[in-house]
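Read off the chains here:
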Amino acid sequence: MKPFVKQTLERQQWRLEELDALLSAPDVVSDMARFRQLSREHADLSELGQLYKQYQQRARDLADAELMLKDPEMAAMAAEEIEACEAEMTQLDAALQAMLLPKDADDERNAFLEIRAGTGGDESALFAADLLRMYTRYCETQGLQMALISESPSEIGGYKEVVLRVVGPRAYGLLRFESGGHRVQRVPATETQGRIHTSACTVAVMPEPDESQAIEINPADLRIDTYRASGAGGQHINKTDSAVRITHIPTGTVAECQDDRSQHRNRAKAMQVLVARIQEAERNKRESAEAAQRKGLIGSGDRSDRIRTYNYPQGRLTDHRINLTLYKLTSIMEGDLQEVIHQLQLARGAELMAALEQANT
């Protein structure tokens, strides 16, 4: 275990003792808001403390087993115990470090997922549909639900743009690293001479804003247009001006919704997307400024960054941010994204741990 990790854990133990005293203080008990806040912190630190006690116990077991090695009759048993202790301590060390990493409250939120066709014309729109299928299948495996907000189909199939709301535990946390440019290399269905083409789509993942913390928008800064929906939805949805497009004039940010036959509900959903886009733009500004000071593995999540290549002739997926290459493109396009996302999370964790270590030196 790294010295700074041990020091941090020891400080957390002191803080836990402090919380025990605070939670019994009359002024804290009478202030329910503060009591709940401290109780949540106590619960988190108690879990961390239990895990650290397990690590300390296995460290003592390891020391005892190393002493037993000196006894020839106990050497074999001691060697087995040493191996078991070291393996468990490695797992506990990794778990403790993960628990020490700063938490992003947005990770627990629902998310908005946007997929837009880029360079490549019709082939790009077809790739957008492939990405939508991939994310839909992945979300199903994670117990997440997806609801269509708006869509702009292309002429030969696929999407020029599609926006969805993803609902469920850690929706944003699971999808946050998908933001960026996605490039595909393959022979399009319309290609008669078998040449490989390169096309691209952009993906943006944004946390659904907390209504209590959402930015304030002046109604005078909004232009609201209604129009007739063009997507599927039965006869009624295509015969009334139920679709809504909202433009935030100061920033030029636009959001629209057409999935409901109620104009009022479409307006409310479009407003949610608009606020999410404005907040995401502000987040990107902050993270870009931070990235200028420290070059991160995952990057700022800027949607213009080329983050991933899908090479169909080679059956290869490459994530350029962490130099990850997997030769199982078929299963990935069917929603098998777990390994990719796990590796991105590990890389982000290592980056955060390095920053935490630097801050403690």
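In the block above lies the structure referred to throughout.
The paragraphs below set out a description of the structure included in this document. For clarity, every value in this text was computed on a predicted model and none was experimentally measured.

The strand order β2-β3-β1-β5-β4-β9-β10-β11 describes an open sheet built from 8 strands, whose pairing is mixed. Whereas interior strands pair on both sides, the edge strands pair on one side only; in this sheet they are β2 (145-153) and β11 (324-326). Taking the axes of each pair of neighbouring strands and ignoring which way they run, one obtains an average angle of 15° across the sheet. Helix-sheet contacts for helix α5 (residues 122-141) involve β1 (111-117), β2, β3 (159-167), β4 (180-186), β5 (197-207) and β9 (306-311), and the interaxial angle to β4 is about 110°. The strands that helix α10 (residues 338-359) touches are β9, β10 (316-319) and β11; relative to β11, the one it contacts most, it runs at about 165°.

Time to look at unusual backbone geometry. Phi at R170 is positive, roughly 55°, even though this residue is not glycine. On the secondary structure map, R170 appears in the loop between β3 and α6 (171-175). The exposure class of R170 is partly exposed, given its relative accessible area of 31%. Of note, the phi angle at N323 is positive, near 55°, even though the residue is not glycine. Within the fold, N323 resides in the loop between β10 and β11.

With that settled, the discussion passes to the pattern of salt bridges. Summed over the entire model, instances satisfying the criterion amount to 26 salt bridges. Note that E114 is salt-bridged to R277, the shortest N-O span being 2.3 Å. In this pair, E114 is assigned in strand β1 and R277 in helix α8 (residues 263-293), connecting sequence segments 163 residues apart. Here E114 and R277 have matching classes, each one buried. Close ionic contact of K328 with D336 constitutes a salt bridge, the shortest N to O distance being 3.4 Å. Take K328: its relative accessible area is 27%, and that puts it in the partly exposed class. The class for D336 is partly exposed, based on a relative accessible area of 27%. A single salt-bridge network, built from bridges that share partners, covers R58, D61, E81 and E88.

Closest axis-to-axis distance for the helix α1 (residues 3-22)/helix α4 (residues 75-100) pair is 11 Å, and the angle between their directions is 65°. Classified by chirality, the crossing of α4 by α1 is left-handed. Contact with α1, carried on its side by V5, T8, L9 and Q12, involves L96, Q97 and L100 of α4 and no other residues of that element. Split into classes, the residues belonging to the contact of α1 with α4 amount to 4 nonpolar, 3 polar and no charged.

As a further point, take the environment of N323. The class for N323 is exposed, based on a relative accessible area of 69%. Here the alpha-carbon distance between N323 and R308, two residues 15 residues apart in the chain, equals 9.7 Å.

A separate point is the pairing of strand β7 (residues 243-248). Walk down a regular strand and you will see the side chains alternate between the two sheet faces. Buried residues dominate β7, accounting for 5 of its 6 residues. As judged from the 6 bridges shared by strand β6 (residues 222-227) and β7, these two strands associate in the antiparallel manner. Paired with D225 across the bridge in β7 is R245. In terms of strand pairing, β7 meets strand β8 (residues 253-257) through 5 bridges, oriented antiparallel. Across the sheet, residue I246 finds its bridge partner in β8, namely A255. With antiparallel pairing between neighbouring strands as the criterion, β7 and β8 make up a hairpin whose turn holds 4 residues, including G252 at a positive phi of roughly 75°.

Reading the values: the criteria
- Residues numbered from 1 in each chain as written.
- Predicted model: local features only at pLDDT ≥ 70, side-chain atom pairs only at ≥ 80, totals over all residues.
- Heavy atoms only, no water.
- Pairing = 2+ DSSP bridges.
- Helix = DSSP H or I, 4+ residues; strand = E, 2+ residues; numbered from the N terminus.
- Axes fitted to C-alpha atoms, helices over the stretch in contact; angles between N-to-C directions.
- Contact = heavy atoms within 4.5 Å.
- Buried < 20%, exposed > 50% of the residue type's maximum accessible area, 1.4 Å probe, protein only.
- Salt bridge = Lys/Arg side-chain N within 4 Å of Asp/Glu carboxyl O.
- Left-handed = near helix turned anticlockwise from the far one by under 90°.
- Nonpolar A, V, L, I, M, F, W, Y, C, P; charged D, E, K, R; others polar.

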